[in-house]
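# Structural overview
The residues making up each chain are set out below.
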Amino acid sequence: MKRIFIKGIGIAAFSITLLSCSGPKQVTEQEVAKAAINTPTTELVEQKQKEFEYLFVEALKQKMFGNAQKAIQLLSSCLEIDPNSSAAMFELANIHAANNDFTSASLLLEKAISLNPDNKWYKLLLAQIYQQTRKYSEAADIYAELVEKEPENLEYIYMNAALLANAQRFEEAISAYNRMEKETGVNEQISVAKQQIFVSKGQIDKAFEEINKLIENNPNEAKYYGLLADLYQSQGDSASALKNYKKIQEMDPENGFVHFSMANYYLENGEVEKSFEETKAGFSSDAVDIQTKMQLYMMLTANPAQSHLNEKQRGELIAILLEKHPDESLVHTIHAESLLKENKLAEGREALLKAVEIEPNDYMVWERIMYIDNDLQQWDKLYEHTGKIIELFPNQPQGYFFKAIACVQLEKFDETIELSEEGMDYVIDNPQLQANFLMLKGEAVYKNGNKTEAFKIFDKAVQVDPENYLTLNNYAYYLSVDGVELDKAERMSGKVIERFPDNATYLDTHAWVLFKKGEYTLAKFYMDSAMKNSDEESDTLLEHYGDILYKTGKVEEALKYWKKAKDSGSESVTLDRKIEEQKYIEE
């Protein structure tokens, strides 16, 4: 049977890029609806006014139910009735923004604001869109307008300042932050933002003043000394940086995050071993959350060519993670990835199985397990694991597909047919997978003895996906075994080896088709290539090579390869007779 193989971290620092997380609250549907009803519109005939109101309310309902396209149609009808309805424009803009169509959304909002310049909700949404599209200066100007209307609104002042900083309008940003600081007093978020601006402007003394101001205001807060140390380090003053990092350790011995800052300090100063020791201390700290550790591990190992960690050190960090966080599925997944990179497939699979034991609903991990089972050709394991996958993810066709592969190899042909038919029900817009299911079904039907029906299924598979080389190869092989439609078989196998000229299995098929056609010299040419490209001695290839050698008059060589096939575990029913009688015997 032809086998089937499918082949400075931790110290809190304010980042202006996170504005969207701390921006103004989202406009509620209730506020919008209320504003819409009271929004002045052009005078309409009473009938048209009622129609507008009905369509508008219905649009809000459809939007609430998630029917965005229907809501767009209804709101467009509203604008046909009243082209100056700023409320309809606002709602349309909201939908377009949710669909990431920021151009349409901003055009609608700009028009709505021109019609209704006092509506702050329109301006807030437009400012958010400008922010998302990196039009920071325009967004800052909108918040400046909002501050004029509500000068006590600290959220507006802060957003104005932050966006001015992003727009590199630094002097205005500093003024805005100072205005806010007068209202709130010394504030970490404001001081850090100002410090970053001063660094950008090259005003380092003022940057130090901001951090020192935080320390004077709260001298017992360890992370401020971390900010000060980071700033010293960035300016090349390693001695002062180290002094402040050590101060954190004195103030807060349990502070695990400082170890990562120390690791970075030592690394920048060329002390690689000390850097790694600090990294290990941070990974061992119970005070550092698993998310931070995982992010740092990913960063340290993302690019092996540039990483300063060697394989042994990566293993040490993984060992610490496994010891400290044995119940975190992601830790076992990372362990698995490390093992798989070393081509330790079985060990990697065991780590993945531990991951899904903790988090059984992670389909991607289960899928990786399937592929490893297949690569290891451990069909019992593949059958077992795919059974669990189908139970957990009954709508995922890959589970049925790989279980069907296992069933073919385990000679569970009736179950293969059932799985292929069931799995195809879940295939959507994937002709390759559909053809593969048909191929497996054809395999099973053929093995059950219904060759005529099997060939019909293979024909359908090729029709669904004419470039499915696995199907073409297997179909051609079965035709050659039965000695039927050999010209068709030659065309199919020829197409396959044209695409994969070094694949031993495909070359064997093509050679065998030619052999059955009586073209022995040409068959030997392709079989020589198959033998050269075979990674291991296959009993099928060895026996076929012996058969071809016999037909080309090389009886002694043929006998040698038949014996090799026997030693390789061949179960051919005619092989013993070939050896005993020293001649080719057709099965």
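The structure presented is a predicted model; accordingly, all values stated were derived computationally and were not measured.

Here is what the cut-offs are and how they apply
Residues numbered from 1 in each chain as written. Predicted model: local features only at pLDDT ≥ 70, side-chain atom pairs only at ≥ 80, totals over all residues. Heavy atoms only, no water. Helix = DSSP H or I, 4+ residues; strand = E, 2+ residues; numbered from the N terminus. Rg over C-alpha atoms; globule rule 2.2 N^0.38 Å. Buried < 20%, exposed > 50% of the residue type's maximum accessible area, 1.4 Å probe, protein only. Areas by Shrake-Rupley, 256 points an atom, 1.4 Å probe, with all protein chains shown as cover. Lys, Arg positive; Asp, Glu negative; His and termini not counted. Charge placed at Lys NZ, Arg CZ, Asp CG, Glu CD. UniProt positions renumbered as here; feature names shortened; annotations may be inferred. Axes fitted to C-alpha atoms, helices over the stretch in contact; angles between N-to-C directions. Parallel < 35°, antiparallel > 145°, perpendicular 65-115°, else oblique. Left-handed = near helix turned anticlockwise from the far one by under 90°. Contact = heavy atoms within 4.5 Å. Nonpolar A, V, L, I, M, F, W, Y, C, P; charged D, E, K, R; others polar. Salt bridge = Lys/Arg side-chain N within 4 Å of Asp/Glu carboxyl O. Patch = residues over 30% accessible without salt bridge, like charges linked within 9 Å, V, L, I, M, F, W, Y side chains within 5 Å. 1 Å grid on protein atoms, 1.4 Å probe; cavity = no way out; pocket = protein on both sides within 12 Å on 5 of 7 lines; lining within 4 Å. Points joined across faces, edges and corners; volume = space filled by probe spheres on them. Phe/Tyr/Trp six-rings, centres within 6.5 Å; stacked < 30°, edge-to-face > 60°. Lys NZ or Arg CZ within 6 Å of the ring centre and 35° of its normal.

## Some points on the overall build of the protein chain
The helix and strand tally for the protein chain stands at 33 helices and zero strands. Against the globule reference of 25 Å for 587 residues, the protein chain gives a C-alpha radius of gyration of 35 Å, more extended than a compact globule. When the backbone C-alpha atoms are referred to their principal axes, the protein chain occupies close to 105 × 80 × 40 Å. The proportion of buried residues among the 587 residues of the protein chain is 48%. For the protein chain, the accessible surface area stands at approximately 29,600 Å², while carbon and sulfur atoms represent 46% of it. The distance from the centre of the 64 positive side-chain charges to the centre of the 97 negative ones in the protein chain is 3 Å.

## Observations regarding the UniProt feature "repeat: TPR" (unreviewed entry) in the protein chain
Per the UniProt record, "repeat: TPR" (unreviewed entry) is found at residues 86-119, 120-153, 222-255 and 435-468. Its end C-alpha atoms 10 Å apart, residues 86-119 is made of 79% helix and 0% strand. With 79% helix and 0% strand, residues 435-468 has its two end C-alpha atoms placed 7 Å apart.

## Regarding the packing of helix α29 (residues 504-516) against helix α30 (residues 520-533)
Two numbers describe how α29 lies on α30: the axes approach to 8 Å, and their chain directions differ by 165 degrees. Viewed along their axes, α29 and α30 adopt a mutual orientation that is roughly antiparallel. Of the two elements, α29 crosses α30, and the hand of that crossing is left-handed. Seen from α29, the contacting residues are Ala504, Leu507, Asp508, His510, Ala511, Leu514 and Phe515; seen from α30, they are Tyr520, Leu522, Ala523, Tyr526, Met527, Ser529, Ala530 and Asn533. Residue composition of the contact of α29 with α30, by class: eleven nonpolar, three polar and one charged.

## Concerning the pattern of salt bridges
As enumerated under the stated definition, the model contains 39 salt bridges in all. Glutamate 210 is the salt-bridge partner of lysine 194, the closest N and O atoms lying 3.2 Å from each other. Note that lysine 194 is positioned in helix α11 (residues 188-201) and glutamate 210 in helix α12 (residues 204-217), a separation of 16 residues in sequence. Look at lysine 194 and you get buried, because its relative accessible area is 4%. In this structure, lysine 524 and aspartate 528 form a salt bridge, with 2.9 Å as the shortest nitrogen-oxygen distance. Here the residue lysine 524 and the residue aspartate 528 both occupy positions in helix α30, the gap between them amounting to four residues, near one helical turn. Linked by salt bridges that have partners in common, Glu181, Lys194, Glu210 and Lys213 make up one network.

## Side note on a negative patch on the surface
Residues Asp414, Glu418, Glu422 and Asp425 make up a contiguous surface patch of negative charge. Within the fold, glutamate 422 resides in helix α24 (residues 413-424).

## Some thoughts on the packing of helix α18 (residues 311-324) against helix α19 (residues 329-341)
When two helices pack together, their arrangement is given by the angle between their axes and by how far apart the axes lie. In contact at an axis separation of 10 Å, α18 and α19 are set at 155 degrees when each is read in the N-to-C sense. On the basis of the axis angle, α18 is roughly antiparallel to α19. In the crossing of α18 with α19, the sense of the turn from one axis to the other is left-handed. Between α18 and α19, the residues in contact are Ile318, Leu321 and Leu322 and Val331, His332, Ile334, His335 and Ser338, respectively.

## Some thoughts on the layout of surface pockets
There is about 420 Å³ of room inside the second largest pocket. Lining the second largest pocket we find 20 residues, and of these Tyr297, Arg314, Ile318, Ser338 and Lys341 sit closest to its centre. Looking at the lining of the second largest pocket, the elements that each hand over two or more residues are α17 (290-301), α18 and α19. With eight residues, α19 is the largest single contributor of residues to the lining of the second largest pocket. Its residues assigned to classes, the lining of the second largest pocket shows nine nonpolar, six polar and five charged.

## Re the packing of aromatic side chains
Each pair of aromatic rings is reported with the distance of its centres and the angle of its planes. Tallied over the full model, the rule gives 27 aromatic pairs. With centroids separated by 5.3 Å and ring planes inclined at 85 degrees, the aromatic side chains of tyrosine 469 and phenylalanine 500 adopt a geometry described as edge-to-face. You can see tyrosine 469 sitting in helix α27 (residues 469-482) and its partner phenylalanine 500 sitting in the loop between α28 (486-499) and α29, a full 31 residues away along the chain. Judged by relative accessible area, which is 28%, phenylalanine 500 ranks as partly exposed. Here a set of aromatic residues connected by ring pairs shows up, and it is made of Tyr446, Phe455, Phe458, Tyr475, Tyr477 and Tyr478. The ring of tryptophan 121 has lysine 120 sitting right over it, with the charged end atom 4.8 Å from the ring centre. Lying across the ring of phenylalanine 500, arginine 499 places its NZ or CZ 4.6 Å from the centre.

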